[in-house]
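# Overview (structure and organization)
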Amino acid sequence: MPEETPAAQGPAGLQAWPARRASRALVAPSGECFPSLPTPGAWKARWYTLGVGDGYSLPVLEGGLGATPRIGSLLVKPASAVCNLDCSYCFYLDREADPYAALPARRMTIETLERLVDTYLFYSYPQSVFAFQGGEPTLGGPDFFENLVRFQQQYGRNGQSVSNAMQTNGIVLDDRWCALFREYNWLVGISIDGPEEAHDRYRRNRGGEATWKRVMAAIECMKRNRVEFNVLCVLSQANVDRPQEIYRFFRSLGISYIQYIPLSEFDGLGQPLPFTITPEQYGRFLCETFDLWWPERRKVRIRYFDNLAEALAGQRPGNCTLHETCDSYVVVEYNGDVYPCDFFVEREWKLGNSNLDSWAEIARRQQRYRFAANKTIPHPECQACEYQSLCHGGCPKHRHDPRHRFDDLDYFCSAYKMVFGKTVEPLRKDVKMLLDRAAAAGRG
């Protein structure tokens with residue numbers, strides 16, 4: 001299953017979080033800060049500043065069709081969908097639409113990496129966000145990422161800010177990896193599904209062996225090296241009915257930044273696979289988690305609640321599920337091929353190739369506009385829903401998966417309504433209180 005990356009915006013990663021713009025924190029006169037709004041050291045991208053020295057044709061939109069939405073961040077897959085684990089619920093396993101299924105060994109070359117960094121830094125100046133995912137991105141090896149930073153320093157312009165993030169299963173993390181993350185202020189998302197029994201039910205290696213202990217060792221390594229990290233927890237039948245246990249487990253580890261992703265995969269007949277959770281389970285999990293989190297909301301960050309508060313504050317949420325259209329980031333495959341979403345790495349949606357096309361051209365591909373518009377396809381229930389302006393129809397993946405139709409309801413629609421009904425009003429009041437305090441402090 002694709003996983004959201006920590007510092008940026010993508011479908012379900014870092015799935016960083018794939019990147020979003022840094023925004024002003026809301027701080028009360030006392031210094032009290034609402035954790036569900038972007039604040040220093042939270043979900044937003046970590047930056048380091050650069051100094052000087054440091055055979056196909058796709059249609060492009062013509063003028064007169066409105067402003068071209070910029071590509072806000074890249075979700076780069078240096079090893080494509082290849083992974084060193086064999087998780088039972090993985091979205092990438094045996095995917096018929098995978099354009100690269102016949103290529104078992106996929107790695108981004110140093111030449112493709114160099115051109116990617118050079119051209120994207122030029123396009124995205126003054127703030128550039130790179131998020132890395134897979135499969136498993138660490139299969140690229142530490143040398144690959146050391147070269148990445150070297151190229152960023154070589155091609156970046158004076159004063160340019162660069163953010164790097166990675167979503168990883170943590171299996172190979174060691175002191176060398178952590179030294180790189182620490183030196184260049186990376187934000188790392190580590191995948192762990194809760195306590196040992198819950199995690200190991202589906203997350204095993206290719207030999208069928210459990211992985212929880214190795215993930216815990218990676219967490220300890222990051223703590224020891226003072227690496228900033230978040231946890232990403234996939235909600236499956238192994239853990240979705242245990243919200244209190246899962247939340248308290250993460251808190252017992254001292255973890256304050258948590259992301260939950262609901263698992264939904266279907267067979268060819270549109271029937272949920274055994275590990276898929278129901279909308280009712282997802283709704284109950286988030287509602288019970290909200291009750292646990294609310295007393296700690298000034299010190300614990302749960303990404304879903306952060307995103308709702310951002311939307312209620314009039315900011316663009318960090319998660320693309322709550323955006324009006326799907327065009328905030330793009331995926332870059334190991335060979336430079338570019339796609340609009342990690343859930344739709346399919347030939348139909350290919351936007352171009354970073355080795356051959358400029359980012360300005362890729363941004364204006366008709367396929368990018370066409371994909372972005374899938375989120376706006378109306379559904380009668382959405383048009384009459386009181387939460388339409390917050391949800392914007394949900395995620396195209398969850399609309400498309402069961403019956404391969406973008407005009408269906410999001411599979412988790414009823415879950416969203418449960419959660420919005422419980423959380424929107426208390427969040428709205430808290431946001432308003434902090435906005436009022438900030439305004440009063442500004443007048444004073």
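Residues numbered from 1 in each chain as written. Predicted model: local features only at pLDDT ≥ 70, side-chain atom pairs only at ≥ 80, totals over all residues. Heavy atoms only, no water.

## Topic: the overall build of the protein chain
To be explicit about the condition: Counting from the N terminus, the helices are the DSSP runs of H or I reaching at least four residues and the strands are the DSSP runs of E reaching at least two. Exposure is judged per residue with a 1.4 Å probe applied to protein chains only, and the accessible area is read against the type maximum: over 50% gives exposed, under 20% gives buried, and values in between give partly exposed. Here, Shrake-Rupley sampling with a 1.4 Å probe gives the accessible areas, and only protein chains in the shown set may cover a residue.
Each helix and strand in the protein chain was counted, giving 14 helices and 11 strands. Expressed as a percentage of its 444 residues, the buried residues of the protein chain come to 59%. Counting every atom, the protein chain has about 17500 Å² of accessible surface; 51% of that belongs to carbon and sulfur.

## Some points on the pattern of salt bridges
Here is the rule we go by: When a carboxyl oxygen of Asp or Glu lies within 4 Å of a side-chain nitrogen of Lys or Arg, that pair is called a salt bridge.
Applying the stated criterion to the full structure yields 27 salt bridges. Here R242 ties to E245 by a salt bridge, and the two come within 2.8 Å at their closest N and O atoms. On the basis of relative accessibility, which here comes to 37%, the residue E245 falls in the partly exposed class. With a shortest N-O distance of 2.7 Å, R301 and D306 are connected by a salt bridge. In this structure R301 comes out as buried when scored by relative accessible area, which is 4%.

## Quick look at the environment of G336
Our working definition: Residues count as neighbours in contact if any of their non-hydrogen atoms are within 4.5 Å of one another.
As for its placement among the helices and strands, G336 is situated in the loop between β9 (329-332) and β10 (337-339). Here G336 falls in the buried class, since its relative accessible area comes to 0%. Expressed as a C-alpha distance, the spacing of G336 and P78, which sit 258 residues apart in the sequence, is 9.3 Å. Among all residues touching G336, those that are not within four sequence positions of it are T112, G352, N353, S354 and N355.

## A look at helix α5 (residues 212-224)
The cut-off we apply is this: One less than the number of residues in a helix, times 1.5 Å, gives the span that helix is expected to have.
The terminal C-alpha atoms of α5 lie 18 Å apart, and with 13 residues this matches the ideal 18 Å at 1.5 Å per residue to within 8%. Considered for burial, the residues of α5 that qualify are W212, V215, M216, A218, I219, C221 and M222. In this fold, the buried residues of α5 make contact with α3 (175-183), β5 (187-191), α4 (196-202), β6 (229-235) and α6 (243-252). R226 sits one or two residues past α5 and shows a positive phi near 55°.

## Remarks on the packing of helix α8 (residues 303-312) against helix α14 (residues 413-443)
Here is the rule we go by: To define axes, lines are fitted to C-alpha atoms, for helices over the stretch in contact only, and angles between the resulting N-to-C directions are given on a 0 to 180 degree scale. Roughly parallel refers to an angle under 35 degrees, roughly antiparallel to one over 145, roughly perpendicular to one between 65 and 115, and oblique to any angle outside these ranges. Should the near helix be turned anticlockwise from the far one by less than a right angle, the crossing is left-handed, and should it be turned clockwise, the crossing is right-handed. Following the grouping adopted for this structure description, the nonpolar residues are Ala, Val, Leu, Ile, Met, Phe, Trp, Tyr, Cys and Pro, the charged ones are Asp, Glu, Lys and Arg, and the polar ones are all others, Gly among them.
Contact pair α8 / α14: the axes reach a minimum separation of 10 Å and the direction vectors enclose 60°. Considering their axes alone, α8 and α14 lie oblique with respect to each other. Both α8 and α14 take part in a crossing whose hand is right-handed. Note on element contacts: α14 touches α8 through Y416, V419, F420, T423, V424, L427, R428 and V431, opposite Y304, F305, L308, A309 and L312. Of the residues assigned to the contact of α8 with α14, the class counts are 11 nonpolar, one polar and one charged.

## A short note on the nonpolar core
Rules: For our purposes a nonpolar core is just a set of buried Ala, Val, Leu, Ile, Met, Phe, Trp, Tyr and Cys residues, chained together by side-chain atoms within 4.5 Å.
Core analysis: the biggest nonpolar cluster contains 113 residues, and L74, F250, Y260 and W359 have the highest contact counts within it. When neighbours within four sequence positions are excluded, F250 is seen to be in contact with I192, G194, V231, C233, I255, I258 and Y260.

## Brief notes about the environment of R204
Put simply, the rule is: Under this definition, polar contacts are N or O atom pairs within 3.5 Å; protein pairs additionally need one hydrogen-donor-capable and one acceptor-capable atom, and for neighbouring residues in sequence, both atoms have to be side-chain atoms.
Position of R204 among the secondary structure elements: in the loop between α4 and α5. Taking C-alpha positions, R204 is 9.5 Å from N84, a pair spaced 120 residues apart along the chain. At a separation of 2.9 Å, a polar atom in the side chain of R204 contacts the main-chain carbonyl oxygen of G208.

## Topic: the packing of aromatic side chains
Worth spelling out the cut-off: Side-chain rings of Phe, Tyr and Trp (the six-membered ring for Trp) are treated as a pair once their centres are within 6.5 Å; stacked means planes under 30 degrees apart, edge-to-face means over 60, and tilted covers the remaining angles. Think of it as a cone above the ring: NZ of Lys or CZ of Arg counts as a charge over the ring if it is within 6 Å of the ring centre and within 35 degrees of the ring normal.
Scanning the entire structure with this criterion turns up 35 aromatic pairs. Residues F266 and Y411 carry aromatic rings whose centres are separated by 5.1 Å and whose planes lie at 85° to one another, so their mutual orientation is edge-to-face. Pair noted here: F266 is in the loop between β7 (257-262) and α7 (279-293) and Y411 is in the loop between α13 (396-400) and α14, with a separation of 145 residues, a long-range link. Both residues of the pair, F266 and Y411, belong to the buried class. Its guanidinium or amino end placed over the ring of Y123, R70 lies 4.3 Å from that ring's centre, counting from NZ or CZ. A cation over a ring is seen here: R157 above Y125, with NZ or CZ 4.0 Å from the ring centre.

## Looking at the confidence of the model for the protein chain
The cut-off we apply is this: The pLDDT value expresses, per residue, how confident the predictor is, ranging between 0 and 100.
Averaged over the protein chain, the pLDDT score is 87; the fraction of residues at 70 or greater is 84%. Note on residues 7-44: pLDDT under 50 across the span, and 180 contacts to partners over four residues away in sequence or across chains. The model gives residues 62-66 a pLDDT under 50, and that stretch makes two contacts with residues more than four places away or in other chains.

## Some thoughts on the side chain of R368
Threshold: Charge assignment in this entry is limited to Lys and Arg as positive and Asp and Glu as negative, and neither His nor the chain termini are counted.
Within the secondary structure layout, R368 lies in helix α10 (residues 366-373). For the buried R368, no salt bridge exists, and the shortest N-O distance to an oppositely charged side chain is 5.2 Å, to D327. For R368, the side chain forms a polar contact with the main-chain oxygen of D327, separated by 2.7 Å.

## With respect to the pairing of strand β3 (residues 127-132)
The condition that has to hold: Only strands that DSSP links by at least two bridges are regarded as paired with each other. For crossovers, right-handed means that the path from the first strand over the helix to the second runs clockwise, given strands pointing away from the viewer.
The element β3 is extensively covered by neighbouring structure, given that five of its six residues are classed as buried. Where strand β2 (residues 73-76) and β3 come together, three bridges link them in parallel fashion. Residue pairing across strands places L74 opposite F130, the latter belonging to β3. Pairing analysis gives six bridges linking β3 to strand β4 (residues 161-168), with the strands arranged parallel. Note on β4: the bridge partner recorded for Q127 is S161. One crossover worth recording links β3 to the parallel β4 by way of helix α2 (residues 142-155), and it is right-handed.

## Overview of unusual backbone geometry
Across the junction of Y125 and P126, the peptide omega takes the value 15°, indicating a cis bond. By the secondary structure assignment, P126 is in the loop between α1 (110-124) and β3. A cis amide bond, omega 5°, links G134 with the succeeding residue G135. You can see G135 is positioned in the loop between β3 and α2. A positive phi angle is found at N185, which is not glycine, with a value near 60°. Counting through the fold element by element, N185 comes out in the loop between α3 and β5.

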